[in-house]
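Here are the chains, one letter per residue:
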Amino acid sequence: MVKWNKMYDLTLKDENFRVFLSEDDKGNFHTACLWYYIEGERLLKIPGTAGSLNFALETRVDTTAEAAWGAIIDWIKAKFGEDYKLVESK
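What counts, and at which threshold
Residues numbered from 1 in each chain as written. Predicted model: local features only at pLDDT ≥ 70, side-chain atom pairs only at ≥ 80, totals over all residues. Heavy atoms only, no water. Helix = DSSP H or I, 4+ residues; strand = E, 2+ residues; numbered from the N terminus. Buried < 20%, exposed > 50% of the residue type's maximum accessible area, 1.4 Å probe, protein only. Contact = heavy atoms within 4.5 Å. Areas by Shrake-Rupley, 256 points an atom, 1.4 Å probe, with all protein chains shown as cover. Phe/Tyr/Trp six-rings, centres within 6.5 Å; stacked < 30°, edge-to-face > 60°. Lys NZ or Arg CZ within 6 Å of the ring centre and 35° of its normal. Expected span 1.5 Å × (residues − 1).

## Structural notes on the overall build of the chain
(1) Moving on: A count of helical and extended segments in the chain gives one helix and five strands.
(2) Moving on: Going from the N terminus to the C terminus, the chain shows its helices and strands as β-β-β-β-α-β.
(3) Moving on: In the chain, which comprises 90 residues, the share counted as buried stands at 28%.
(4) Moving on: Summarising the internal contacts of the chain: among those between residues at least 6 apart in sequence, 39% fall at separations of at least 24.
(5) Moving on: As displayed, the chain has an accessible area near 6200 Å², and 52% of this comes from carbon and sulfur atoms.

## Describing the packing of aromatic side chains
(1) Moving on: Tallied over the full model, the rule gives nine aromatic pairs.
(2) Moving on: With centroids separated by 4.8 Å and ring planes inclined at 50 degrees, the aromatic side chains of tyrosine 8 and tryptophan 69 adopt a geometry described as tilted. Placement of the pair is tyrosine 8 in strand β1 (residues 2-11) and tryptophan 69 in helix α1 (residues 65-80), with a sequence separation of 61 residues.
(3) Moving on: Of the residues examined, tryptophan 69 reaches a relative accessible area of 22% and is grouped as partly exposed.
(4) Moving on: Considering the side-chain rings of phenylalanine 17 and tyrosine 36, the 4.9 Å spacing of their centres and the 80 degrees angle between planes classify their relative orientation as edge-to-face. Residue phenylalanine 17 is found in strand β2 (residues 16-24), and its partner tyrosine 36 is found in strand β3 (residues 29-38); the two are separated by 19 residues along the sequence.
(5) Moving on: Following the ring pairs from residue to residue traces out a cluster consisting of Phe17, Trp35, Tyr36, Tyr37, Phe55, Trp75 and Phe80.
(6) Moving on: The ring of tryptophan 4 has lysine 6 lying over it, and the distance from NZ or CZ to the ring centre is 5.8 Å.

## Quick look at α1
(1) Moving on: In this model α1 runs 22 Å from its N-terminal to its C-terminal C-alpha over 16 residues, within 8% of the 22 Å that 1.5 Å per residue would give.
(2) Moving on: At its buried positions, α1 is contacted by β1, β2, β3, β4 (53-62) and β5 (85-88).
(3) Moving on: Phi turns positive, to about 95 degrees, at glycine 81, one or two residues after α1.

So far we have only geometry, and geometry alone does not tell us how the molecule works.
If you want it as structure tokens, here you go:
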């Protein structure tokens, strides 16, 4: 069961994604990045065709919030580069 959850806005050049930090009732910390990508060269409105929008969820789990947070930040940097902004959602 989730004890608490924080949500952050991840802003890149042209995209806005969500990053989450949670603690469960067993003392584990979970981070996740919900992001999307487009298959093909452009976005079409017909699901399943080339150019459709796909969502992905990247997750990390650790015994401390700092370690879980660091792991998802490392993934963000490796996936999207250093040019990002991360702000807690209101």
